[in-house]
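Chain by chain, the residues run as shown.
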Amino acid sequence: QVQLVESGGGLVQPGGSLKLSCAASGIRFSIYAMYWYRQAPGKERELVATITSDWKTNYANTVKGRFTISRDNSKNTVYLQMNSLKPEDTAVYYCNAKLYVDDYWGQGTQVTVSS
């Protein structure tokens, strides 16, 4: 059974930080490309960050310089460190794993940035 389980979301004030985690099981984690997406109410799903199996990273322009994606293959976990958070970062954040035709998603974790 393949599972991706996100954690670490919550309520934070503007300018604050959160670190999201996504723990994977049931896949050979180290060879999968990993992605963080987010979706805010009334908006389309947005790709936030990417990390490949050889540690190449990419970020949406809206989060460059503020967010960092990383992975720990020994723990089968991908992370998203979020700093200098803004109200427009408020969304449900989803973890995604892809390899060839395989495409797996987590259940999402809510991030709310508000004073």
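In the block above lies the structure referred to throughout.
Before going into details, it helps to say that this report is about the structure given with it. (Residues numbered from 1 in each chain as written. Predicted model: local features only at pLDDT ≥ 70, side-chain atom pairs only at ≥ 80, totals over all residues. Heavy atoms only, no water.)

**Observations regarding the environment of glycine 106**
Then, in step 1: Within the secondary structure layout, glycine 106 lies in the loop between β10 (102-105) and β11 (109-113).
Then, in step 2: Taking relative accessible area as the criterion, glycine 106 reaches 14% and is therefore assigned buried.
Then, in step 3: Distance from glycine 106 to tyrosine 32, taken between C-alpha atoms, is 15 Å for residues 74 residues apart in sequence.
Then, in step 4: Leave out the neighbours within four places in its chain, and glycine 106 touches Leu4, Glu6, Tyr94 and Cys95. (Helix = DSSP H or I, 4+ residues; strand = E, 2+ residues; numbered from the N terminus. Buried < 20%, exposed > 50% of the residue type's maximum accessible area, 1.4 Å probe, protein only. Contact = heavy atoms within 4.5 Å.)

**Brief notes about unusual backbone geometry**
Then, in step 1: Backbone geometry places serine 84, a non-glycine residue, at a positive phi of 50°.
Then, in step 2: Along the polypeptide, serine 84 turns up in the loop between β8 (77-82) and β9 (91-99).
Then, in step 3: We classify serine 84 as partly exposed; its relative accessible area is 41%.
Then, in step 4: Its identity as a non-glycine residue notwithstanding, tyrosine 100 has a phi of 55°, on the positive side.
Then, in step 5: Along the chain, tyrosine 100 falls in the loop between β9 and β10.

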